[in-house]
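# Coordinate analysis (summary)
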Amino acid sequence: MKSSIKCSNDKRMPPCSEEHALYLKKLRRKKHFVHFMQFAILIVFIAVWELLGRLGVIKTFIFSSPSRVAATVARLYSNGELFMHIGITTLETVAGFLIGTLIGTLIAVLLWWSPTLSRILDPYMVVLNALPKIALGPIIIVWVGAGMKAIILMALLISTIVTIMTVLSGFNEISGENQLLMRTLGANKLQTFFKVVLPASVPTVMSALKLSVGMSWVGVIVGEYLVSKAGLGYLIVYGGQVFKLDLVMAAIAILCVLAALMYYAVAILERIISKRIGRF
C-alpha cells in the first residue's frame with residue numbers, strides 16, 4: 001500500500017502520494033534553480049562590467065561602472081535628492097498606472113458589451129495604439145500645462161490603450177458555448193459577464209496589468225523628458241546634457257529596480273487572486 005505524504009501546509013489540502021510529493025519537490029528545485037541563475041547572471045554582469053572598467057577595456061567616462069554608479073547614488077542620498085526624485089517619478093507612474101488600468105478595463109467592458117461599438121471603434125484603437133505618444137507631448141503641455149499633470153496624462157494615454165486592447169482581446173476569446181449555456185439557463189448579460197467572462201479573463205487582465213506597468217514607466221519617463229524639473233527622467237536628461245553619464249546610469253539603474261518591484265507586486269497580486277478564484 002502506497003504511503004501518503006502531506007504536500008502542503010494548508011490543513012484543508014488532502015495528503016498526496018509519494019510520487020506526487022517527489023514531483024512537487026522537483027518543481028521546487030527547478031524554481032530555486034531558476035531564481036539562483038537569475039541572480040547569478042545579474043551578479044556576473046555587474047562583476048564583469050566593473051572589471052572591464054578597472055582594466056581600462058571600456059571607458060568609464062562613457063560606460064560608467066557599478067562602483068561609480070553606487071557612488072553617484074550615495075551622493076544623491078547624502079544631498080537629500082535621491083528619495084525626492086524617486087518619490088516624484090513613482091507617484092506619477094502609480095497614478096498613471098492605476099487610472100489608466102481602471103479606465104482601460106472599463107472601456108474594454110463597454111466594447112465587449114456592445115460588439116457593434118467595438119467594430120466601429122476598432123480602426124481608431126489601432127491608430128491610437130500605433131501613434132507615437134511623444135508626438136502628443138506639445139499638445140498635452142498646452143492642454144494641461146508643463147507639470148505633473150502632463151506627465152501623468154502621458155503615462156495614462158500609453159497604459160490605457162494597451163489595457164483596452166489586451167483586456168478586450170481576452171474577453172472576446174472566452175468560449176461562446178459557455179456564454180450560450182448561461183443564456184439558456186436564463187442569465188442576463190450582466191450575470192454572464194460576472195459569472196463566466198470575468199473569472200475566465202483573470203489571467204488576461206493580469207497580463208494587461210503587467211504590460212501596463214512597463215507602459216506607465218515609459219510614459220512617465222517620456223513626459224519627464226519633455227517638461228519635468230525633478231524625477232528620474234529629469235536626472236537622465238540633465239546628466240546627458242552636462243555629460244555626467246554616471247548620473248544617467250544611476251538613474252537608469254534605479255528605474256530598473258523600481259520597475260522590477262512594481263512588476264513583482266502585480267505578480268504577487270496575480271497569485272493571490274488566482275488562489276482565491278481556485279477555491280471557488
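Our subject is the structure that appears above.
Residues numbered from 1 in each chain as written. Predicted model: local features only at pLDDT ≥ 70, side-chain atom pairs only at ≥ 80, totals over all residues. Heavy atoms only, no water.

## Description of the side chain of Thr166
Examined against the element boundaries, Thr166 turns out to sit in helix α7 (residues 148-172). Within the structure, Thr166 has its side chain in polar contact with the backbone oxygen of Val162 (distance 2.8 Å). Every residue in contact with Thr166, bar those within four places of it in the chain, is listed here: Thr204, Ala208 and Leu211. (Helix = DSSP H or I, 4+ residues; strand = E, 2+ residues; numbered from the N terminus. Polar contact = N/O pair within 3.5 Å; in protein donor to acceptor, adjacent residues only side chain to side chain. Contact = heavy atoms within 4.5 Å.)

## Overview of the pattern of salt bridges
All told, the structure shown has two salt bridges when counted by the stated rule. The closest approach of N and O atoms between Arg54 and Glu50, which form a salt bridge, is 2.7 Å. With Arg54 and Glu50 both in helix α1 (residues 18-54) and four residues apart, the pair spans about one turn of that helix. Residue Arg54 is classed as exposed on the basis of its relative accessible area, which comes to 64%. The shortest N-O distance in the salt bridge between Arg68 and Asp246 comes to 2.8 Å. (Salt bridge = Lys/Arg side-chain N within 4 Å of Asp/Glu carboxyl O. Buried < 20%, exposed > 50% of the residue type's maximum accessible area, 1.4 Å probe, protein only.)

## Digging into a positive patch on the surface
Judged by side-chain charge, Lys25, Lys26, Arg28, Arg29 and Lys30 come together as a positively charged surface patch. The topology assignment puts Lys26 in helix α1. A residue is classified by how much of its surface remains accessible, and Lys26, at 63% relative accessible area, is exposed. (Patch = residues over 30% accessible without salt bridge, like charges linked within 9 Å, V, L, I, M, F, W, Y side chains within 5 Å. Areas by Shrake-Rupley, 256 points an atom, 1.4 Å probe, with all protein chains shown as cover. Lys, Arg positive; Asp, Glu negative; His and termini not counted. Charge placed at Lys NZ, Arg CZ, Asp CG, Glu CD.)

## Regarding unusual backbone geometry
Its identity as a non-glycine residue notwithstanding, Ser64 has a phi of 60°, on the positive side. Mapped onto the secondary structure, Ser64 falls in the loop between α2 (60-63) and α3 (66-78). A residue is classified by how much of its surface remains accessible, and Ser64, at 0% relative accessible area, is buried. One non-glycine residue, Phe243, adopts positive backbone phi at about 60°. Relative to the helices and strands, Phe243 is located in the loop between α11 (232-241) and α12 (245-279). A relative accessible area of 57% places Phe243 in the exposed class.

## Quick notes on a nonpolar patch on the surface
Where nonpolar side chains cluster on the molecular surface, the patch consists of Val44, Val48, Leu51, Leu52, Leu55 and Val57 and spans about 540 Å² of accessible area. Mapped onto the secondary structure, Val57 falls in the loop between α1 and α2. For Val57, a relative accessible area of 57% puts it in the exposed group.

## As for the side chain of Ser65
With respect to the helices, strands and loops of the structure, Ser65 is situated in the loop between α2 and α3. By relative accessible area, Ser65 is classed as buried at 4%. Beyond its immediate sequence surroundings of up to four residues, Ser65 is in contact with Trp49, Glu50 and Thr60.

## Structural notes on the packing of aromatic side chains
Applying the stated criterion across every chain, the model contains five aromatic pairs. Look at Tyr77 and Phe83: their rings are 5.8 Å apart centre to centre, the planes differ by 80°, and that puts the pair in the edge-to-face class. Here Tyr77 matches Phe83 in class, with each residue exposed. Summarising the aromatic geometry, the rings of Tyr234 and Tyr238 are spaced 6.0 Å apart at their centres and angled 15° between planes, so their arrangement reads as stacked. In this pair, Tyr234 and Tyr238 are both assigned in helix α11, four residues apart and thus about one turn of the helix distant. (Phe/Tyr/Trp six-rings, centres within 6.5 Å; stacked < 30°, edge-to-face > 60°.)

## Digging into the environment of Met206
Relative to the elements of secondary structure, Met206 occurs in helix α10 (residues 202-227). For Met206, a relative accessible area of 3% translates into the label buried. Remark: the alpha-carbon pair of Met206 and Leu269, spanning 63 residues in sequence, is separated by 8.5 Å. Those residues in contact with Met206 that lie beyond four places of it in its chain are Val266, Leu269, Glu270 and Ile273.

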